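Spelled out from the first residue to the last, the chains are:
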Amino acid sequence: GFFHSYAVEVDIKDASNATCLYADWMMRFLITYESNNGDYKTTTLNLSSSVTHNGSVCGNDTQAALLAVQFGEGHSWSINITKNNETYQGDFFTLTYNTNDTAVFPDAKRKGPVTVLVKDPSRPVQLNTVFVCHNSFVLEAENTTQIFWNVTVQAFVQNGTVSKKESRCPADTPTSAPTVPPTIANVTTAFTTTLSPAPTPAPKPVENPDTGNYSLKTGNKTCFLATVGLQLNVSQDKPLLININPKTTIADGACGNTTATLKLNDRNSTLIGF
């Protein structure tokens, strides 16, 4: 269950018991933290099956709406949404993760809550319109990556009824289907491709990487098996090609009911996660 992310549905009512703020979405977080031995590790923080929404408020013409959720061992996330004439728009995402949660941060050097603020890049949405984004989108700040998908949100709901009129995010098309939540590897690739300058073309590799056999076991049973040759093309000041050597690479990870994670470490600070 550690890697499983649950959908969240929040329906906030006003004083007359009419819906004023509605949201239904999925999200997960990738967080890089410093361990006790000085290494930096990336962990996955998912929503738990039990989520509260204490502190959420409807908002009005002068007060921002607030969508806030709390989950797990001291983690929380929120977004404040402001109304401006005929539109509404998110202002900031606030993520607070608690490194005292040893299930997620088993060896964190820094203990206690850490808060990260990210500006919402979304464009304004017309009032009486619901914002919909099936495909995943990513926000990155301060060693955290926030991933959202299957999002439906409407603030300042009129007459207590969520609108049928939709405003789609740029990642969606009229025929888009909900996407599978991205992994650590493809989130990093997608984010880099979107925001970084085009890399300098790399020279052709001198040699192909050796093929390695990597596996994970649950008890006496193999739950993850990969036979693959791996080469990294790193774009820095000069292109850098790195062949992963199976003879010096250690396989680690875990198998869950619906998700398996394979981590390969070649002992030279090169870590790849699938």
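Note that residues are indexed from 1 along each chain, following the sequence as it is written. Per-residue local features are limited, in this predicted model, to residues with pLDDT of at least 70; the limit for side-chain atom pairs, both in listing and counting, is 80 or more; totals at the level of whole chains, interfaces and linings are taken over all residues. Each side-chain value is derived from all of the structure's non-hydrogen atoms; neither hydrogens nor water enter the calculation.

S.K.: Just checking my understanding: could you explain the state of the cysteines for this structure?
M.R.: By definition, a disulfide links two cysteine residues through a covalent bond between their sulfur atoms. The rule for a disulfide is simple: a pair of cysteine sulfur atoms within 2.5 Å. Under the counting rule described, the total for this entry stands at 3 disulfides. In this model, Cys 133 is linked to Cys 169 through a disulfide, with the two sulfur atoms separated by 2.0 Å. Of note, the bridge from Cys 133 to Cys 169 carries an S-S torsion of about 70° and is right-handed in sense. Pair noted here: Cys 133 is in strand β10 (residues 130–133) and Cys 169 is in the loop between β13 (166–168) and α1 (184–195), with a separation of 36 residues, a long-range link. Here Cys 133 and Cys 169 have matching classes, each one buried. Only DSSP runs of H or I covering at least 4 residues are called helices, and only runs of E covering at least 2 are called strands; the numbering of each starts at the N terminus. Buried means the residue's accessible area, taken with a 1.4 Å probe over protein chains only, is under 20% of the maximum for its type, while exposed means over 50%, and partly exposed covers the values in between.

S.K.: Looking at this structure, how should I read the sheet that holds strand β18 (residues 250–255)?
M.R.: Two strands in a sheet stick together by hydrogen bonds in their backbones, pointing the same way (parallel) or opposite ways (antiparallel). Strand order in the open sheet formed by 3 strands is β18-β19-β20, with antiparallel pairing between adjacent strands. Sheet topology places β18 and β20 (271–273) at the edges, where each strand pairs with a single neighbour. Looking at each pair of strands side by side, their axes are set apart by 15° on average, direction ignored. Whether two strands pair depends on DSSP finding at least two bridges between them. Comment: axis = line fitted to C-alpha atoms, over the contacting stretch for helices; angle = value between 0 and 180 degrees taken between N-to-C directions.

S.K.: What exactly am I supposed to notice about the pattern of salt bridges here?
M.R.: One side chain can pair with another of opposite charge once the charged atoms of both are near each other. Salt bridge, as applied in this entry: a Lys or Arg side-chain nitrogen positioned within 4 Å of an Asp or Glu carboxyl oxygen. Taken as a whole and judged by the stated rule, the model has 6 salt bridges. One salt bridge in this structure joins Lys 83 and Asp 61, with 2.8 Å as the shortest N-O distance. Highlighted residues: Lys 83 in strand β6 (residues 75–84) and Asp 61 in the loop between β4 (51–52) and β5 (65–71), separated in sequence by 22 residues. On the basis of relative accessibility, which here comes to 60%, the residue Asp 61 falls in the exposed class.

S.K.: I would appreciate a short explanation of the confidence of the model for the chain in the present structure.
M.R.: Mean pLDDT over the chain: 83, with 83% of residues reaching 70 or higher. Scored below 50 in pLDDT, residues 184–196 shows 10 contacts in the model against residues more than four places distant or in partner chains. Values of pLDDT, which run from 0 to 100, indicate the predictor's confidence residue by residue. Contact between two residues is taken to exist if any of their heavy atoms lie within 4.5 Å; hydrogens are not considered.

S.K.: Honestly, empty space enclosed by the protein in this entry has me stumped. Any pointers?
M.R.: The method is simple in principle: a probe with the dimensions of a water molecule rolls over the atoms, and the space it marks as empty is what remains. As defined here, a cavity is a set of points on a 1 Å grid over the protein atoms alone where a 1.4 Å probe fits but cannot get out. A pocket is an open set with protein on both sides within 12 Å along at least five of seven lines, and residues line them when an atom is within 4 Å of a point. Grid points are joined across faces, edges and corners, and a volume is the space filled by probe spheres set on the points. Taken as a whole and judged by the stated rule, the model has 1 cavity of 30 Å³ or more. What lines the largest cavity is a set of 18 residues, among which Ile 79, Phe 93, Asp 120, Phe 131 and Val 153 lie closest to the centre. At 4 residues, the largest contribution of residues to the lining of the largest cavity is made by strand β7 (residues 87–98). Of the residues assigned to the lining of the largest cavity, the class counts are 13 nonpolar, 3 polar and 2 charged. When residues are grouped by polarity, Ala, Val, Leu, Ile, Met, Phe, Trp, Tyr, Cys and Pro land in nonpolar, Asp, Glu, Lys and Arg in charged, and all others, Gly among them, in polar.

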